[in-house]
Amino acid sequence: VEYNHRGAKASHLHQIISQLALEFDEYKRITIEMPPLVGSGFLAELQKYGRIRVASVEMVRPNFDWDDCVDPIMAVAGQSEAQKIEISFFAQPKESLSRSRGIVGSVIKIIHRGKAIFHNIILKGMKEGERAETTLKLRNHTEQRKIEVAASADDGHPVPGEVIQGLMQYLNDLRESSQTEK
């Protein structure tokens, strides 16, 4: 969620929602995270890599606990009672990390499940047919949508309600597309 020009950015919305939650006793212990949704281009780009030398991930707890996702890494996060984890894996010299197991396999499976728990993913390696190392970053492959909203004639700020309406439409579209894929 981001606005160009004078509007609110995702980090601003995160701060506002977190501060609002603190005003209600029943929400004081809630931790709000806003990880991006992984875009379809990420997995397509990952398939181009013949060798993955380094995989680094930063994940946040998906809900109240880590039990929502069955994965060995997430099991350890749950046992540790962690809110966030950051972990890196390095291949043996001149070798590659496994694509189907371990961290890369886990990342792929979690992305296919549609869970938005990655704050960051960085993979370093070499694409098929290339001789130089390339870095694949989540921040370059996230779901995005521009929502056009009318600006108030009085102060130039977005008309109240249009941002929420646009966000709700986006979430409904995501829900429909994920149901179509199943």
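Everything discussed here concerns the structure shown above.
Read on for an overview of the structure. These figures come from a predicted structure and were not determined experimentally. (Residues numbered from 1 in each chain as written. Predicted model: local features only at pLDDT ≥ 70, side-chain atom pairs only at ≥ 80, totals over all residues. Heavy atoms only, no water.)

Digging into helix H3 (residues 72-79)
Line of reasoning, step 1. Within H3, burial applies to Ile 73, Met 74 and Ala 77. One side of H3 holds all its buried residues, which, seen down the axis, span an arc of 95°. Facing away from the buried side of H3 by more than 90 degrees, the exposed set consists of Pro 72 and Gln 79.
Line of reasoning, step 2. The secondary structure elements touched by the buried residues of H3 are strand S1 (49-60), strand S2 (84-90) and helix H4 (102-112). (Buried < 20%, exposed > 50% of the residue type's maximum accessible area, 1.4 Å probe, protein only. Helix = DSSP H or I, 4+ residues; strand = E, 2+ residues; numbered from the N terminus. Arc of directions from axis to C-beta. Contact = heavy atoms within 4.5 Å.)

Observations concerning unusual backbone geometry
Line of reasoning, step 1. Its identity is not glycine, yet Glu 81 carries a phi of approximately 55°, on the positive side.
Line of reasoning, step 2. Structurally, Glu 81 is set in the loop between H3 and S2.
Line of reasoning, step 3. Judged by its relative accessible area of 70%, Glu 81 is exposed.
Line of reasoning, step 4. Positive phi is not limited to glycine here, since Lys 94 has a value of about 65°.
Line of reasoning, step 5. Along the polypeptide, Lys 94 turns up in the loop between S2 and H4.
Line of reasoning, step 6. Note on Lys 94: relative accessible area 76%, which makes it exposed.

Nothing here speaks to function; it is geometry throughout.
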